[in-house]
Amino acid sequence: MIGKIAGRVDYIAEDHVLIDVRGVGYLVYCSERCLRALPQAGEAVALYTDLLVREDNLQLFGFVSLVEKEWHRLLMTVQGVGAKASLAMLGALGPDGVSRAIALGDWGAVKAAKGIGPKTAQRVVNELKDKAPSLMALGAGPVAQAGVLYDVLEEVPPARAAASGGAAQSDALSALTNLGYAPSEAASAIAQAQENGGGAETAALIREALRLLAPKG
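Attention in this report is confined to the structure presented alongside it. (Residues numbered from 1 in each chain as written. Predicted model: local features only at pLDDT ≥ 70, side-chain atom pairs only at ≥ 80, totals over all residues. Heavy atoms only, no water.)

## Describing the sheet that holds strand E4 (residues 44-54)
Next, step 1: Pairing is mixed around the closed barrel formed by five strands, whose spatial order is E1-E2-E3-E5-E4. Geometrically, the sheet is characterised by an average inter-axis angle of 55° between neighbouring strands, direction not taken into account.
Next, step 2: Pairing between E4 and strand E5 (residues 57-63): seven bridges, direction antiparallel. Within the sheet, the bridge partner assigned to Val53 lies in E5 and is Leu58. (Pairing = 2+ DSSP bridges. Helix = DSSP H or I, 4+ residues; strand = E, 2+ residues; numbered from the N terminus. Axes fitted to C-alpha atoms, helices over the stretch in contact; angles between N-to-C directions.)

## Here's the deal with the packing of helix H3 (residues 83-104) against helix H9 (residues 183-195)
Next, step 1: With their axes 8 Å apart at the nearest point, H3 and H9 run at an angle of 120° to one another. Two packed elements cross with a definite hand, and for H3 against H9 that hand is left-handed. Every residue of H9 that contacts H3 at Arg100, Ala103 and Leu104 is listed here: Ala187, Ser188, Ala191, Gln192, Gln194 and Glu195. (Left-handed = near helix turned anticlockwise from the far one by under 90°. Contact = heavy atoms within 4.5 Å.)

## Quick look at the side chain of Ser99
Next, step 1: Within the secondary structure layout, Ser99 lies in helix H3.
Next, step 2: Excluding its chain neighbours within four sequence positions, the residues that come into contact with Ser99 are Trp71, Met136 and Gln169.

## Regarding the state of the cysteines
Such a bond, covalent and formed between the sulfur atoms of two cysteines, is termed a disulfide.
Next, step 1: Applying the stated criterion across every chain, the model contains zero disulfides.
Next, step 2: The structure places no disulfide on Cys30, whose sulfur is separated from the nearest cysteine sulfur, that of Cys34, by 3.9 Å.
Next, step 3: Relative accessible area serves as the criterion here: at 5%, Cys30 is assigned to the buried category.
Next, step 4: By relative accessible area, which is 2% here, Cys34 ends up buried. (Disulfide = S-S within 2.5 Å. Buried < 20%, exposed > 50% of the residue type's maximum accessible area, 1.4 Å probe, protein only.)

## Some thoughts on the side chain of Lys69
Next, step 1: Checked against the element boundaries, Lys69 lands in helix H2 (residues 66-75).
Next, step 2: Nearest to the buried, unbridged Lys69 among oppositely charged side chains is Asp50, at 5.1 Å.
Next, step 3: Here the side chain of Lys69 touches Thr49 through a polar contact of 2.9 Å, landing on its backbone oxygen. (Lys, Arg positive; Asp, Glu negative; His and termini not counted. Salt bridge = Lys/Arg side-chain N within 4 Å of Asp/Glu carboxyl O. Polar contact = N/O pair within 3.5 Å; in protein donor to acceptor, adjacent residues only side chain to side chain.)

## Remarks on the pairing of E4
Next, step 1: Two strands pair when backbone bridges link them, and strand E1 (residues 4-12) and E4 are joined in this way by five bridges, in the antiparallel orientation. Within E4, the position partnered with Lys4 by the bridge is Tyr48.
Next, step 2: Connecting E4 to the next strand, E5, in antiparallel fashion are two residues.

## Quick word on H2
Next, step 1: Extensive coverage of H2 is indicated by the burial of seven of its ten residues.
Next, step 2: Looking only at H2, the buried set comprises Val67, Glu68, Lys69, Trp71, His72, Leu74 and Leu75.
Next, step 3: Residues of H2 that are buried sit in contact with helix H1 (32-37), E4, E5, H3, helix H5 (118-128) and helix H6 (132-136).

## Side note on the pattern of salt bridges
Next, step 1: Counted under the stated rule, the structure contains two salt bridges.
Next, step 2: The shortest N-O distance in the salt bridge between Asp50 and Arg73 comes to 2.7 Å. Of this pair, Asp50 sits in strand E4 while Arg73 sits in helix H2, and the two are 23 residues apart along the sequence.
Next, step 3: Look at Asp50 and you get buried, because its relative accessible area is 5%.

## Here we look at the pairing of E1
Next, step 1: Relative to strand E2 (residues 16-21), E1 runs antiparallel, the two being bridged by four bridges. Bridged to Tyr11 within E2 is Leu18.
Next, step 2: Connecting E1 to the next strand, E2, in antiparallel fashion are three residues.

Nothing here speaks to function; it is geometry throughout.
Encoded structure:
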């Protein structure tokens, strides 16, 4: 299993990147969001990878962060969701957006991804709702690095690097579960708090989530 690629960008195509690793070129398929975050040709890069093995083909799929990779693997457990559909969802929403959409049961947000129909979107939400908290707990997750030369997110221009509230999300989820809330209940409240503009700070996110969890009436 090839779990990580670190080398230099040879070229970036519409749906993949060729990474030169000491003279060996690895063709790695990525989401649109991931491709936009990559550096220019000749610069150092590192990606987490997932190897898809078929009888007549081997394909590598690349991800900026470990949580993105784990979402890819989880999405593909849903019937009718292959690698292309998974990358479409991650490209449209990002791992944080996928987490929020599934925790909220918002299949409409999932359907916004290219090529994802309403039945598939509903199946994704229904089958993964109870599994979303475990990945939300990873927060932003580790980011692939190419030695000390390059950090995929930190070295790209600010306009191209997607901001992530993953760390605050992870800390808030841990706090709420420690207070006795069920993981799925806590995840849903956190996702709703983020939708309401609860903020990227952990304390603000927890306060808004607790307000949503408070008994009504």
